[in-house]
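Observations on the three-dimensional arrangement
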Amino acid sequence: MNNNNSARSSRSSTGTDSTCLEEQRFGWLRFRPQWLQCFCTAKWALFWLCWGGALQGLIVNGFVNVNISTIERRFGLRSRQTGLVASGYDLASFVCLVPVTYYGGRKGASKPCFIAIGLLLMGLGSLIFSLPHFLVGSYRATIAEANLCERDGQANQTMEAVELELGESLTWTVWLFFAAQLLHGAGASPLFTLGVTYLDENVSTKMSSVYLGIYYTMAIIGPAIGYVLGGQLLLIYTDFVTVDAADLSLTSDSKVWIGAWWIGFVFAAVVCVLIAIPIFGYPKSLPGAEKLQLAKVSEAHTKKTAQAKAAGAEVGQLPHAVLTLFRNPTFFFLNLAGATEGLVIAGFAAFLPKQIENQFGISPVISALVMGLITVPAGGGGTFLGGYLVKKLNLACGGIIKMCLLATLVATVFTSCFLVTCPNAAFAGVTAAYDDKQMGLPLTLEASCNANCGCSRSNYDPICGANGVMYYSPCFAGCGQEEQQETLKSYSNCSCIDQSAEATNVMCESSCKSLPYFVALCFVLMLFTFLATMPALSATLRCVQDEQRSFALGLQWIKVRLMGTIPAPLIFGALIDESCVLWHESCDAQAGGACLVYDNFYISRYMWLLALVGKLCSVLFFLGAWWFYKPPSEPSNAKKENQSEI
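A brief look at the structure comes next. These numbers come from a predicted model, not from an experiment.

1. Section: the side chain of serine 538
Tracing the backbone through its elements, the reader meets serine 538 in helix H18 (residues 533-542). Filtering out sequence-adjacent residues up to four positions away, serine 538 remains in contact with Ser209 and Ile400.

2. Considerations on the pairing of strand E4 (residues 489-494)
Burial of E4 is extensive: five of the six residues sit out of reach of the surface. Relative to E4, strand E3 (residues 479-484) runs antiparallel, the two being bridged by five bridges. Note on E4: the bridge partner recorded for glutamine 484 is lysine 489. With two bridges joining them, E4 and strand E5 (residues 503-504) adopt antiparallel strand pairing. Within E5, the position partnered with serine 490 by the bridge is threonine 504.

3. With respect to unusual backbone geometry
At asparagine 493, a residue that is not glycine, the phi angle is positive and equals roughly 55 degrees. Note on placement: asparagine 493 falls in strand E4.

4. Describing the environment of arginine 78
Position of arginine 78 relative to the elements: it lies in the loop between helix H3 (68-75) and helix H4 (79-104). Classification of arginine 78 by relative accessible area gives partly exposed; the value is 24%. With 496 residues separating them along the chain, arginine 78 and alanine 574 place their C-alpha atoms 9.1 Å apart.

5. Some words on the packing of aromatic side chains
Applying the stated criterion across every chain yields a total of 26 aromatic pairs. With a centroid separation of 5.8 Å and an interplanar angle of 65 degrees, the aromatic rings of phenylalanine 418 and phenylalanine 518 are classed as edge-to-face. Pair noted here: phenylalanine 418 is in the loop between helix H16 (397-413) and strand E1 (463-465) and phenylalanine 518 is in helix H17 (residues 515-531), with a separation of 100 residues, a long-range link. Three or more aromatic residues joined by ring pairs form one cluster here, namely Phe63, Phe75, Phe129, Phe177, Trp261 and Phe265. Just above the ring of phenylalanine 75 sits the side chain of arginine 74; from NZ or CZ to the centre is 5.2 Å. Here the guanidinium or amino end of arginine 78 rests over the ring plane of tryptophan 583, the centre of that ring lying 3.8 Å away.

6. Here's the deal with the pattern of salt bridges
One side chain can pair with another of opposite charge once the charged atoms of both are near each other. As enumerated under the stated definition, the model contains five salt bridges in all. A salt bridge links lysine 354 to glutamate 72; the nearest nitrogen and oxygen atoms lie 2.4 Å apart. With lysine 354 in helix H14 (residues 329-359) and glutamate 72 in helix H3, this pair connects stretches of sequence that are 282 residues apart. Take lysine 354: its relative accessible area is 5%, and that puts it in the buried class. Put simply, arginine 80 and glutamate 578 hold a salt bridge, and the shortest N to O gap is 3.1 Å. With a gap of 498 residues between them, arginine 80 in helix H4 and glutamate 578 in helix H20 (residues 567-578) connect regions that are remote in the sequence.

7. Focus on helix H2 (residues 42-66)
Between its terminal C-alpha atoms H2 stretches 34 Å, which fits the 36 Å expected from 25 residues at 1.5 Å a residue. At leucine 58, H2 is deflected by roughly 30 degrees, the largest bend along its length. Counted residue by residue, H2 has 20 buried out of 25 residues, so it is predominantly covered.

8. Here we look at the state of the cysteines
If you walk through the whole model with that rule in mind, you get six disulfides. Through a disulfide, cysteine 449 is tied to cysteine 496; the S-S separation comes to 2.0 Å. Disulfide cysteine 449-cysteine 496: the torsion about the S-S bond is 100 degrees, which places it as right-handed. Of this pair, cysteine 449 sits in the loop between H16 and E1 while cysteine 496 sits in the loop between E4 and E5, and the two are 47 residues apart along the sequence. Across the disulfide from cysteine 580 sits cysteine 595; the S-S distance is 2.0 Å. Taking the sign of the torsion about the S-S bond as the criterion, the disulfide between cysteine 580 and cysteine 595, at about 100 degrees, is right-handed. With a gap of 15 residues between them, cysteine 580 in strand E6 (residues 580-583) and cysteine 595 in strand E7 (residues 595-598) connect regions that are remote in the sequence. There is no split in this pair, since cysteine 580 and cysteine 595 are both buried.

Conventions and cut-offs
- Residues numbered from 1 in each chain as written.
- Predicted model: local features only at pLDDT ≥ 70, side-chain atom pairs only at ≥ 80, totals over all residues.
- Heavy atoms only, no water.
- Helix = DSSP H or I, 4+ residues; strand = E, 2+ residues; numbered from the N terminus.
- Contact = heavy atoms within 4.5 Å.
- Buried < 20%, exposed > 50% of the residue type's maximum accessible area, 1.4 Å probe, protein only.
- Pairing = 2+ DSSP bridges.
- Phe/Tyr/Trp six-rings, centres within 6.5 Å; stacked < 30°, edge-to-face > 60°.
- Lys NZ or Arg CZ within 6 Å of the ring centre and 35° of its normal.
- Salt bridge = Lys/Arg side-chain N within 4 Å of Asp/Glu carboxyl O.
- Expected span 1.5 Å × (residues − 1).
- Bend = angle between axes of the 7 residues up to and from the residue.
- Disulfide = S-S within 2.5 Å.

Have a look at this one:
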């Protein structure tokens, strides 16, 4: 009898084990062959998640941000409007984080499935982001001529036809961009919450920082690749399929050049689908995850109550879980520090390329390359170095917070990089007088030299005179003749320059040599900013109970978005608009038009003040997190031995 019971028990145990093993196999539905199981490891899971994290950065922080100024010019948008577009990502993340982390973090939920569905949503968002290019007409195809100074009035009829074409309002496209960003935000919400906890659950405590460091490094490298690749795509004319830019005598050096901003989004949509397929194949937990969880030692903040234990055990008690986490002072202050860091990072990610472009008088292509050169070594290296130092120094939770505090203090000093500025380039009627007669008078585009030309402000086609001064258009420069060359146009008989001097439709070269100093200081600022990101994440995971980690990350990201990354582009965009000194006129009075010239002094001071205030707040909040942290009592020797073996 006993033998029969033993046999039945053995068969039952074997059946349960085989079921568990089947659930921990890599594959899709019933297709889980043995040759695919080599991918069912933490290293391969990290590999595919790194691609997902890099894609998120490539699209949202790379392609979107590097194309902000191009999209503003192409569709006549202001920085306030593109700031709304940029904040759409974080708004959707804010809405989706609670349900995603709460339901995705429950026992038995498949985190890889949530992540893969998110990647598909990101791909759909990228397709929608590229739609405005296909829904509007060709850019500048109708204004190859009729922009000269003709004092006999013969050009009036032609100019009126051109103005009708140019005056068409395209500000409705902002809502299409906004909808695409909402999908980007919803799709990315599982990546850095469920993705982080999935890795943390399937590796040892000692290796967790290394894995997460690599994961977040790829998330930083993604935007860097986006800046470089997006910048190179801007060398291609936006309507290259139907229009030859040479026929318009336009080059990428022209102020009115619009690059092929939309190609990157179509490419990213395809890659999102391809990366989602292998992630769909991962099980809820990898083989050996249970043994690792048993060996881990909790470093949670020690002020525990009966409610805390109940909140961890009863998944359905959402209000209790929220209250328990918010009563943890270390978690609370780390959240606030994350919010202020998020405010600074999100604001600069959206508008720093534009600030560099306008401050140092370089093209969007060069600006994108500069951002890429800063972001790859400083952002990626800082993130990886932060995770490595936590492992190398074997830091506990309190030591990690100290490291974040020191890194943020150094970064605060180097916000002074934004005080490195260049004077505004000479722009006739905007930052410089046309001639000595206009000296001391209010600057206007109209002057005696172009008074009878019948020029239109809606036709912005800037040229650079031989005297090194920019002019709004050949007409406003008083140019009477145009000669079309292979890649550019040259103008002569310009009454506002010199009858013998010429002008070309390119930007004047800046005489300011401050860019290398700015790049060096900004590099250090970014290095120490991202040096604290990985340790701050590790501290957040360690200062809460194991059962609450997914939910804690979700709540943290809600705070970061609500108080940091959602308002950041709106605040930065509004202040950048305040520093505009020349707007493009549009028939839509409410929407206005894109800014054509910024005041370099004010735009740099606004950026510096935002960075300095944000960093000082981060220092205070990291100090509060360290001050209130109470480490747990020494773990038992048995647990120590188990942890050292992993």
